[in-house]
Amino acid sequence: MGDELEAREAVRDAYQAHYRRLVAALYALTGDHAEAQDLVQEAYARALARPRQFLDVADPEAWLRTVAMNLARTRWRRRRLFDTLVRSGRVARPVESVPGVDPNRVALVAALQQLSQATRETIVLHHLADMSVHEVAESLGVPVGTVKARLSRGRAMLAALLTDGEAGEAESTRRRTAPPTVSAPIPSQEVRDAP
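Looking up the chain in an unreviewed UniProt entry gives the name RNA polymerase sigma factor, with the organism given as Dactylosporangium matsuzakiense. Looking at the Sequence similarities (unreviewed entry) heading of the UniProt record, one finds this comment for the chain: "Belongs to the sigma-70 factor family. ECF subfamily."

*Asks:* Where do I start with the overall build of the chain in this structure?
*Replies:* In terms of regular secondary structure, the chain is built from nine helices and zero strands. In the chain, the succession of α and β elements from N to C terminus is α-α-α-α-α-α-α-α-α. Counting across all 195 residues of the chain, residues that qualify as buried make up 29%. Expressed as a percentage of contacts within the chain between residues at least 6 apart in sequence, the contacts between residues at least 24 apart total 62%. Summed over its atoms, the accessible surface of the chain is roughly 13,000 Å², and 54% of this surface lies on carbon and sulfur atoms.

*Asks:* What exactly am I supposed to notice about helix 7 (residues 133-140) here?
*Replies:* Helical geometry: 3.6 residues make up each α-helical turn, so side chains three or four residues apart lie on a common side. For helix 7, the set of buried residues is Val133, Val136, Ala137 and Leu140. Buried residues along helix 7 cover an arc of 100° about the axis, so they all sit on one side. Across from the buried face of helix 7, at angles greater than 90 degrees, the exposed residues are His134 and Glu138. Where helix 7 terminates, the next one or two residues include Gly141, which has phi positive at roughly 70°.

*Asks:* Is there a simple way to think about helix 6 (residues 117-128) in this case?
*Replies:* Over its twelve residues, helix 6 runs 15 Å from end to end, which matches the ideal 16 Å to within 8%, given 1.5 Å per residue. Across the twelve residues that make up helix 6, a large majority, nine, are buried. When we look at burial in helix 6, the residues that qualify are Gln117, Thr119, Arg120, Glu121, Thr122, Ile123, Val124, Leu125 and His126. Note on helix 6: the residue one or two positions beyond its end, Asp130, has a positive phi of about 55°.

*Asks:* How should I be thinking about the side chain of Arg150 in this particular structure?
*Replies:* Along the chain, the position of Arg150 falls in helix 8 (residues 144-177). No salt bridge is formed by the buried Arg150; the nearest opposite charge belongs to Glu121, separated by 5.7 Å. Apart from the residues within four sequence positions on either side, Arg150 is in contact with Ala118, Thr119, Thr122, Leu140 and Val142.

*Asks:* Explain the environment of Ser152 here, please?
*Replies:* Examined against the element boundaries, Ser152 turns out to sit in helix 8. Residue Ser152 is classed as partly exposed on the basis of its relative accessible area, which comes to 45%. A sequence separation of 29 residues divides Ser152 from Ile123, and the C-alpha atoms of the two residues are 9.3 Å apart.

*Asks:* When you look at the nonpolar core in this model, what are you seeing that I'm missing?
*Replies:* Among soluble globular proteins, nonpolar side chains are generally buried collectively. By size, the foremost hydrophobic cluster in this structure holds 40 residues, and its most contacted members are Leu26, Val40, Tyr44, Leu64, Leu112, Leu125 and Val147. For this core, the secondary-structure elements that each account for two or more residues are helix 1 (2-30), helix 2 (33-49), helix 4 (60-88), helix 5 (103-113), helix 6, helix 7 and helix 8. The element that contributes the greatest number of residues to this core is helix 1, accounting for ten residues. Leu26 has contacts with Gly31, Ala36, Leu39, Val40, Ala68, Met69 and Ala72, leaving out every residue within four places of it along the chain.

*Asks:* Which parts of the structure should I look at to understand the side chain of Thr119?
*Replies:* Here Thr119 lies in helix 6. Among residues more than four places away in sequence, those in contact with Thr119 are Arg150 and Gly154.

*Asks:* Would you mind showing me how to read the packing of aromatic side chains here?
*Replies:* Centre distance and the angle of the planes are the two values used to describe a pair of aromatic rings. Going through the model one piece at a time under the given rule, you end up with four aromatic pairs. Relative to Tyr44, the ring of Tyr19 has its centre 6.4 Å away and its plane inclined at 45°; by these criteria the two rings are tilted. Residue Tyr19 is located in helix 1, and its partner Tyr44 is located in helix 2; the two are separated by 25 residues in the primary sequence. Of the residues examined, Tyr19 reaches a relative accessible area of 14% and is grouped as buried. Among the aromatic residues, those joined into a cluster by ring pairs are Tyr15, Tyr19 and Tyr44.

What counts, and where the lines are drawn
- Residues numbered from 1 in each chain as written.
- Predicted model: local features only at pLDDT ≥ 70, side-chain atom pairs only at ≥ 80, totals over all residues.
- Heavy atoms only, no water.
- UniProt positions renumbered as here; feature names shortened; annotations may be inferred.
- Helix = DSSP H or I, 4+ residues; strand = E, 2+ residues; numbered from the N terminus.
- Buried < 20%, exposed > 50% of the residue type's maximum accessible area, 1.4 Å probe, protein only.
- Contact = heavy atoms within 4.5 Å.
- Areas by Shrake-Rupley, 256 points an atom, 1.4 Å probe, with all protein chains shown as cover.
- Arc of directions from axis to C-beta.
- Expected span 1.5 Å × (residues − 1).
- Lys, Arg positive; Asp, Glu negative; His and termini not counted.
- Salt bridge = Lys/Arg side-chain N within 4 Å of Asp/Glu carboxyl O.
- Core = buried A, V, L, I, M, F, W, Y, C linked by side-chain atoms within 4.5 Å.
- Phe/Tyr/Trp six-rings, centres within 6.5 Å; stacked < 30°, edge-to-face > 60°.

Structure (structure tokens):
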């Protein structure tokens, strides 16, 4: 009984120490804050289902991140199947809701969604989960050189995507606020009052 209590306490401590960082990483990976929370909570639920085994884990945060990312991959595969069903017309797509967040974060998440899954995972783990290149390589099971290449390509792609987005926003703002280039004649008072 004492081991069980100690194990549950270890899960509780891991929750308090790592929850926010894991949600931030999964949010950047999935682009959906609610889904990121669900994935991380499911990872903690799996830890609570086997608390004694969780107690034996050398790096609890890495274990939780791996479980959450595997769950995200599974959901991504299911979502691909769902999208195929939607395109075929057999299922109607539900209306999505987006929580109110900082526009820069929204732009970053949108840009991340345009990267390949492998590149997105690498960028998120390195830059948002603050993992070293070696830790990312170990976590993803790929060579360090592959991680470095993905980071380089991913950064370049994000820079282009985010720069294009800012340029597009500036242009649309300029168009909305700029005075018209061709001025129309102002109608006289009599014409406006005419029936």
